[in-house]
Amino acid sequence: MDILHFKDLERLKRTGNFSQAAALGNLSQPAFSRRIKALEAWVGATLIDRTHQPVTLTTAGEQMLEAGLQALSRIEQERSQILEAQSLPDKYVVTFGAQHSIGWRFYPAWLQELEDAYGPVLSRLRADDLPNCMRDLQNGDVDFVIAYVGANTAQHRMVESIKIGEDQLVPVCKPNADGSPLFDFDTPGVRMPFLRFGDAAPIGTHLEPLFQRHRISDCLRTVYENSMAGALRIRARAGDGVAWLPKSLVLPDLESGILVRTGKPDWMVDLSIRMFRNKERSNRVTRSIWTFLEVRQSVSLVKEG
């Protein structure tokens, strides 16, 4: 599978027309159609709804497009950093590990604010499930790990952490035409379809005290699981159920009305975002960044939405 096919999919979403999308990519329409069909065959699902004009992406298409463009961006970023490192061999590349949920929106904004305040940082990101990130930190494969920490989260042993931001898990769903929640917990006798974080995503454990305190589990039936917040977000936007998602991730959707809050006003979970390091595997560059952030813990670099 050619990863550049995701650019074809993006052009098709933008134009809603095979001929126009093919022209943007300097391809004939038959060749363009074959590329889209090859991508669908590789995914194993229909990505384009061809029953109407203009054509639109299916839910699977939206999910794969977002993942594909993110992968392309990462590849291009890594290539740029490799070229820069080769031209500046004395520059150390700082490697961050982060949960998928943090890597989508918080990390890019935070890194930009860090560079504005601290100065340019040659860096790369490894987005992965938290246990894998912490393993890489212990092994020295990453310099820092950025992760969500709840009120009851135990400190990881053998590592230090500092606070670099705040977030909340908020219950969201698709709205009705009048802007009210499609899934309203005040509806008697109905268990709401729940889009749940998979067991590989520790972020889901931050919800357990809330669910127990308000007996929310009794109101839910799981219809989909995924360890990636971005995948749950796409399902929520499609109207498949309710999801508790990081506010930093869904804020643009809430502001545009694509998603709305549901449940009770106090059904939120406050989270700290902390950066972890293995002190035994630090160097001059990472110690300088750590010291800079350590004295700024009371002031978040990323402005709240």
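All figures in this text were calculated on a predicted structure; none of them were measured in a lab.

Trainee: What is the right way to look at the packing of aromatic side chains in this model?
Mentor: Aromatic ring pairs are described here by two measures, namely the spacing of the ring centres and the angle between the planes. Here the structure, examined in full by the defined rule, presents twelve aromatic pairs. With 6.0 Å between their ring centres and 80 degrees between their planes, Phe18 and Phe32 make a pair best called edge-to-face. With Phe18 in helix H2 (residues 18–24) and Phe32 in helix H3 (residues 29–43), the pair connects residues that are 14 residues apart, well separated along the chain. Both residues of the pair, Phe18 and Phe32, belong to the buried class. Arranged with centres 5.6 Å apart and planes meeting at 85 degrees, the rings of Phe96 and Trp110 form a pair that is edge-to-face. Here Phe96, found in strand S3 (residues 94–98), pairs with Trp110, found in helix H6 (residues 106–118); they are 14 residues apart in sequence, far enough to count as distant. Between Arg235 and the ring centre of Tyr224, over which it is positioned, the NZ or CZ distance is 4.0 Å.

Trainee: Help me understand the pairing of strand S5 (residues 144–149) in this model?
Mentor: Regular strands place their side chains on alternate faces of the sheet. Within S5, six of the six residues are buried, which leaves the element mostly enclosed by the surrounding structure. Burial of S5 is two-sided: the residues Phe144, Ile146 and Tyr148 facing one way and the residues Val145, Ala147 and Val149 facing the other way are all buried. As defined by bridge partners, S3 adjoins S5 across three bridges and the pair is classed as parallel. From the neighbouring strand, Phe96 faces S5, where its bridge partner is Phe144. Of the pairings in the sheet, the one linking S5 to strand S11 (residues 269–277) comprises six bridges and is antiparallel in character.

Trainee: How should I be thinking about the nonpolar core in this particular structure?
Mentor: Among soluble globular proteins, nonpolar side chains are generally buried collectively. Of all hydrophobic cores here, the largest spans 56 residues; its most connected members are Phe96, Trp110, Ile146, Ile164, Trp244, Met275 and Leu293. Each of domain 2 (94–163 + 274–298) and domain 3 (167–271) contributes no fewer than three residues to this core. Core analysis: the second largest hydrophobic core is formed by 15 residues, Ala21, Phe32, Leu57 and Leu72 among them.

Trainee: What is the right way to read H3 from this model?
Mentor: Residue pairs three or four apart in sequence face the same way in an α-helix, which turns once every 3.6 residues. For H3, which comprises 15 residues, the first-to-last C-alpha distance of 21 Å matches the rise-based estimate of 21 Å (1.5 Å per residue) to within 8%. Every buried residue of H3 is accounted for by Ala31, Phe32, Ser33, Ile36, Leu39 and Glu40. If you follow the buried residues of H3, they end up packed against helix H1 (5–15), H2 and strand S1 (48–49).

Trainee: So what exactly am I meant to see when it comes to the packing of helix H9 (residues 229–237) against helix H10 (residues 247–256) here?
Mentor: The relative placement of two packed helices is expressed as an angle between their axes plus a distance between the axes. One way to put it is that H9 packs onto H10 with a least axis distance of 11 Å and a crossing angle of 25 degrees. Classified by the angle between their axes, H9 and H10 sit roughly parallel to one another. In the packing of H9 onto H10, the handedness of the crossing is right-handed. Listed contacts from H10 to Ala229, Gly230, Arg233 and Arg237 of H9 are Leu249, Val250 and Asp253. Partitioning the contact of H9 with H10 into residue classes produces three nonpolar, one polar and three charged.

Trainee: Any chance you could explain the domain arrangement of the protein here in plain terms?
Mentor: Many authors give the size of an interface as the accessible area that is lost as the parts come together. Domain assignment breaks the protein into domain 1 (3–86), domain 2 (94–163 + 274–298) and domain 3 (167–271). The C-alpha centroid of domain 2 is placed 32 Å from the C-alpha centroid of domain 1.

Trainee: I'm lost on the packing of H1 against H3 in this one. Help?
Mentor: Where H1 contacts H3, the axes come no closer than 10 Å and their chain directions differ by 110 degrees. Accordingly, the angle class assigned to the pair H1 and H3 is roughly perpendicular. Both H1 and H3 take part in a crossing whose hand is left-handed. Here H1 contributes His5, Phe6, Asp8, Leu9 and Leu12 to the contact with H3, which in turn contributes Phe32, Arg35, Ile36, Ala38, Leu39 and Trp42. Per-class residue counts for the contact of H1 with H3 are eight nonpolar, one polar and two charged.

Cut-offs used in this document
Residue numbers here run from 1 along each chain, matching the order of that chain's written sequence. The predicted origin of the model limits local features to residues at a pLDDT of at least 70 and limits the giving and counting of side-chain atom pairs to 80 or more, whereas totals for whole chains, interfaces and linings rest on all residues. By convention in this description, side-chain values take in all heavy atoms of the structure and omit both hydrogens and water. Centre distance within 6.5 Å is the pairing criterion for rings of Phe, Tyr and Trp, where only the six-membered ring of Trp is used; planes under 30 degrees apart are then read as stacked, over 60 as edge-to-face, and the remainder as tilted. Going along the chain from the N terminus, every DSSP run of H or I of four or more residues is numbered as a helix, and every run of E of two or more is numbered as a strand. Exposure classes here rest on a 1.4 Å probe applied to the protein chains alone. A residue is buried below 20% of its type maximum, exposed above 50%, and partly exposed in between. Ring-over charges, as used throughout, are those where CZ of Arg or NZ of Lys falls within 6 Å of the ring centre and within 35 degrees of the ring normal. DSSP-based pairing: two strands are paired if at least 2 bridges between them are found. The criterion is simple. A nonpolar core is a set of buried Ala, Val, Leu, Ile, Met, Phe, Trp, Tyr and Cys residues joined through side-chain atoms within 4.5 Å. Those domain boundaries reflect an automatic or database domain assignment. One fewer than the residue count of a helix, multiplied by 1.5 Å, yields its expected span. The contact definition used throughout considers only heavy atoms, calling two residues in contact when any of these lie within 4.5 Å. Axis lines are fitted to C-alpha atoms, over the contacting stretch for helices. Their N-to-C directions set the angle, which ranges from 0 to 180 degrees. Roughly parallel refers to an angle under 35 degrees, roughly antiparallel to one over 145, roughly perpendicular to one between 65 and 115, and oblique to any angle outside these ranges. What makes a crossing left-handed is the near helix being turned counterclockwise from the far one by less than a right angle; a clockwise turn instead makes it right-handed. In this classification, the charged set is Asp, Glu, Lys and Arg, the nonpolar set is Ala, Val, Leu, Ile, Met, Phe, Trp, Tyr, Cys and Pro, and all remaining amino acids, among them Gly, are polar.

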